[in-house]
Amino acid sequence: MAEGLTLRAVTFRRGHVTVLLRQSLTVPRGGTLLVTGANGVGKSSLMQLAAGLVRPDEGEVHINGISADSAHPDELVGAGVRRAFVFQQGGLVANLSALNNVALPLRYHADTLGLTDAVIEDRARFCLGAVGIEGPPIHALPGRLSFGIAKRVAFARAMAIEPNYAFFDDPDAGLDHENAQVVQDILTSYRDDPGVTLVLASNHRALIERLGVPVHELVDGRLVRIDMATMAPSSLV
Amino acid sequence: MGPSIHNASPEERPPARGWLASLGHEGIETWHVWASAIGLMAFALTSAFSPGRAAARSVRKVTLAQIFFTGAQGLPFVTATALVLGATMMLQMRVAAPGLPGEIVGKFLVTVVLREFAPLATAIIVASRSGTAIATEIGNMQASLEILGLSSMGIDSRRFVVLPRLVAVVTSVVVLMVYFGLLALLGAFALAAVFGSPDLAAIRSGLAETLVMPDLFLFAGKGVGCGALVAVTCCHYGMQVKGSITEVPLMTGKAVIRAVLGCVLFNFAATLLYYSLVGTPAAQM
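Model, not experiment: these values are computed from the prediction. (Residues numbered from 1 in each chain as written. Chains lettered and ligands numbered in written order. Predicted model: local features only at pLDDT ≥ 70, side-chain atom pairs only at ≥ 80, totals over all residues.)

Looking at the overall build of chain A
Here comes step 1: Counting secondary structure elements, chain A contains 9 helices and 10 strands.
Here comes step 2: Taking 237 residues into account, the globule formula puts the C-alpha radius of gyration at 18 Å, and chain A, at 17 Å, falls close to it.
Here comes step 3: By principal-axis analysis of the C-alpha atoms, chain A measures approximately 45 × 40 × 35 Å.
Here comes step 4: In chain A, buried positions account for 44% of the 237 residues.
Here comes step 5: Looking at chain A alone, contacts between residues at least 24 apart form 68% of all its contacts between residues at least 6 apart. (Helix = DSSP H or I, 4+ residues; strand = E, 2+ residues; numbered from the N terminus. Rg over C-alpha atoms; globule rule 2.2 N^0.38 Å. Buried ≥ 20, exposed ≤ 12 C-beta atoms within 10 Å, placed from the backbone. Contact = placed C-beta atoms within 7 Å.)

So, the overall build of chain B
Here comes step 1: Within chain B one finds 10 helices and 0 strands.
Here comes step 2: Starting at the N terminus and ending at the C terminus, chain B contains elements arranged as α-α-α-α-α-α-α-α-α-α.
Here comes step 3: Seen along its three principal axes, the alpha-carbon backbone of chain B occupies a region of about 80 × 60 × 35 Å.
Here comes step 4: When the 285 residues of chain B are sorted by exposure, 44% land in the buried category.
Here comes step 5: Put simply, 90% of the contacts in chain B that link residues at least 6 apart link residues at least 24 apart.

Observations concerning the interface of chain A and chain B
Here comes step 1: In this complex, chain A contributes 26 residues to the contact, which on the side of chain B involves 18 residues.
Here comes step 2: When residues of the side of chain A that touches chain B are traced back to their parent elements, those giving at least two are helix 2 (74-78), strand 6 (83-86), helix 3 (98-108) and helix 4 (110-113) of chain A.
Here comes step 3: Here the side of chain A that touches chain B is composed, by residue class, of 15 nonpolar, 7 polar and 4 charged. (Nonpolar A, V, L, I, M, F, W, Y, C, P; charged D, E, K, R; others polar.)

Details of helix 3 of chain A
Here comes step 1: Within helix 3 of chain A, 9 of the 11 residues are buried, leaving the element largely enclosed by the surrounding structure.
Here comes step 2: Looking only at helix 3 of chain A, the buried set comprises Ala98, Leu99, Asn101, Val102, Ala103, Leu104, Pro105, Leu106 and Tyr108 of chain A.
Here comes step 3: For helix 3 of chain A, the elements touching its buried residues are helix 4, helix 5 (117-130) and helix 6 (147-160) of chain A together with helix 2 (53-70) of chain B.

Digging into the pairing of strand 3 (residues 32-36) of chain A
All names here are of chain A.
Here comes step 1: Burial runs high along strand 3: 5 of the 5 residues are buried.
Here comes step 2: On strand 3, burial covers both faces: Thr32, Leu34 and Thr36 on one face and Leu33 and Val35 on the other are all buried.
Here comes step 3: Pairing of strand 3 with strand 9 (residues 215-219), which is carried by 3 bridges, proceeds in the parallel orientation. Directly across from Val35, in strand 9, lies its bridge partner His216. (Pairing = 2+ DSSP bridges.)

Some thoughts on helix 7 (residues 177-192) of chain A
All names here are of chain A.
Here comes step 1: Compared with an ideal rise of 1.5 Å per residue, which puts 16 residues at 22 Å, helix 7 spans 22 Å between its outermost C-alpha atoms and is within 8% of the ideal.
Here comes step 2: Within helix 7, the full set of buried residues consists of Val183, Ile186, Leu187 and Tyr190. The buried side chains of helix 7 occupy one side of the element, clustering within an arc of 95 degrees when seen end-on. Along helix 7, exposed side chains directed more than 90 degrees from the buried face belong to His177, Glu178, Asp185, Ser189 and Asp192.
Here comes step 3: Turning to helix 7, the residues buried within the fold contact helix 6, strand 7 (165-169), strand 8 (197-201) and helix 8 (205-211). (Expected span 1.5 Å × (residues − 1). Arc of directions from axis to C-beta.)

Here we look at the sheet that holds strand 2 (residues 17-28) of chain A
Residues and elements named next belong to chain A.
Here comes step 1: Across the sheet, which stays open at both edges, the 4 strands sit in the order 2-1-4-5 with antiparallel pairing between neighbours. Two strands bound the open sheet, and with one partner strand each, they are strand 2 and strand 5 (66-67).
Here comes step 2: As defined by bridge partners, strand 4 (residues 58-63) adjoins strand 5 across 2 bridges and the pair is classed as antiparallel. By the bridge assignment for strand 5, Ile63 is matched with Ile66.

Some details on the nonpolar core
Here comes step 1: In terms of nonpolar packing, the biggest core is built from 144 residues, with Leu128 of chain A together with Leu166 and Val230 of chain B touching the most fellow members.
Here comes step 2: Per-element tally for this core: the top contributor is helix 6 (residues 157-195) of chain B, with 20 residues.
Here comes step 3: When neighbours within four sequence positions are excluded, Leu166 of chain B is seen to be in contact with Met41, Ala44, Ala228, Ala231 and Val232 of chain B. (Core = buried A, V, L, I, M, F, W, Y, C linked by C-beta atoms within 7 Å.)

Quick notes on the pairing of strand 7 of chain A
Residue and element names in this part refer to chain A.
Here comes step 1: The buried fraction of strand 7 amounts to 5 of the 5 residues, a majority that puts the element mostly inside the structure.
Here comes step 2: Going residue by residue along strand 7, you find Tyr165, Phe167 and Asp169 tucked away on one face and Ala166 and Phe168 tucked away on the opposite face as well.
Here comes step 3: Note that strand 6 and strand 7 share 4 bridges and pair parallel. Looking at the pairing, Phe85 lines up with Phe167 of strand 7.
Here comes step 4: Taken together, the 5 bridges between strand 7 and strand 8 define a ladder with parallel strand orientation. Among the inter-strand pairings, Phe168 is bridged to a residue of strand 8, identified as Leu200.

Digging into the sheet that holds strand 8 of chain A
Residue and element names in this part refer to chain A.
Here comes step 1: Spatial strand order, 6-7-8-3-9-10: 6 strands in an open sheet with mixed pairing. The open sheet terminates on both sides in strands that have one partner only, identified here as strand 6 and strand 10 (222-226). Strand after strand, the sheet turns through a mean of 20 degrees between neighbouring axes, direction not considered.
Here comes step 2: Here helix 7 sits on the sheet and contacts strand 3, strand 7 and strand 8; the angle it forms with strand 8, its principal contact strand, is near 140 degrees. (Axes fitted to C-alpha atoms, helices over the stretch in contact; angles between N-to-C directions.)

Things to note about unusual backbone geometry
Residue and element names in this part refer to chain A.
Here comes step 1: The phi torsion at Arg22 lies on the positive side, around 45 degrees, for a residue other than glycine.
Here comes step 2: In this structure, Arg22 sits in strand 2.
Here comes step 3: Positive phi is not limited to glycine here, since Asn64 has a value of about 55 degrees.
Here comes step 4: The topology assignment puts Asn64 in the loop between strand 4 and strand 5.

Points about the packing of helix 4 (residues 102-143) of chain B against helix 9 (residues 247-278) of chain B
Residue and element names in this part refer to chain B.
Here comes step 1: At a minimum axis distance of 8 Å, the contact between helix 4 and helix 9 shows a crossing angle of 155 degrees. In this view, helix 4 runs roughly antiparallel relative to helix 9, as classed from their interaxial angle. Handedness of the crossing formed by helix 4 with helix 9: right-handed.
Here comes step 2: Of the residues belonging to the contact of helix 4 with helix 9, the class tally is 15 nonpolar, 9 polar and 3 charged. (Parallel < 35°, antiparallel > 145°, perpendicular 65-115°, else oblique. Left-handed = near helix turned anticlockwise from the far one by under 90°.)

Here we look at the environment of Ile203 of chain B
Residue and element names in this part refer to chain B.
Here comes step 1: Residue placement: Ile203 occurs in helix 7 (residues 200-210).
Here comes step 2: Along the primary structure Ile203 and Leu109 are separated by 94 residues, whereas in three dimensions their C-alpha atoms are 8.8 Å apart.
Here comes step 3: Ignoring anything within four residues of it in the chain, the contact list for Ile203 reads Gly102, Val105, Gly106, Phe189, Ala192 and Pro198.

Written out as structure tokens, the structure is:
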């Protein structure tokens, strides 16, 4: 089966919101899917669904040809899928320091990824440094970190696994201009990496214009491709 | 314009359930909970055999931390409860039946304190202390997307979160139960020594006469069963938190009540099974 992300006739409802209605799509390996849409339309749910974190009500989600809602998520890693996900908010392990949060997936899959303890520590520190986090905050628990720093720690954790499937939900929201630029640089590098399949949701015009990829709007359970030049959605900020 | 509020008329409201229907509804819900919890336990146990040495090492680390939290940190509370409970039992026996022979007192200590109180009291202590912590922690992890975050990193939460807590609670309940039993006996002996009766040698003789090899299996069975019930019920209810942190206290309360109820019922069933297989103390005499 072809590499990439595939949704086949997926229907997914969360509460009273129909996120997707019999939607099929394919994002080839190295491709980018950028989703926009009004608040509450289900962008975050779509991201979780595409990443295989939640099961669709109907239809199938495949990553690299493997069912993404696999009963055992570690099987995906064993099959060569290195998945990274940055939530809009939260998702860090509350009782681990920023450094240990970043190191956690590396330690857990150390033998599959062929990493030693020294390499794990170095890589975790490097990724935190790449998003501008150094010094005392790397030893702080997520609850002690500001929203912006916690979000960047989540970014560092996503980078640490060297993903071939990267999912970002509103990646630059809540960041100051300088850090938003850092995040946009990282996203741009993923966009240009033929080994990374990138899926992201955002309503930020600056990020969308910077990425310069086709934009899909989520409306009434459907993904509709839009021409930014002529019909940019009103939900953009 | 003001808000439009529509209250259901009496005809639209669902009819109130009778006591029999309520009992049935509760029974069905309880069955669903146990079935789901047993499924969770099965997944967690089978996940122990998933590949990955590094993953196993991470899980072992979490398990040891949980054993420390549940077992070692629970020691002072178990110590105090067991000593006082043992002494209270002896006091009651002295007050209610002052001339009771030491052999009978020893027999009573085995049947009531060792076979019943030790497993049940330990399970209740662990449920109220660690069970609440487990349900709350997992509930918060669900609400703050930590569980989904783990899954996104290819970390199976049943292996990384549920399994360590299951192993830790079962291990802790078994060990603390033995410890509780010994300290409760110590408390009872201490009070008897203070009052000078019943005769300590006679109590020891009654104890030795009543304690039999199958007690080992009863102890192990009750410890493992109650420990598993507490762990899996609290993990299950923690996992039931869907999106809001306000669900956490509600689920924690449900978890502990059902865990304790489950332990009481399991304890009773195990005792019935034990005496049906081994015979009653009167029959053994």
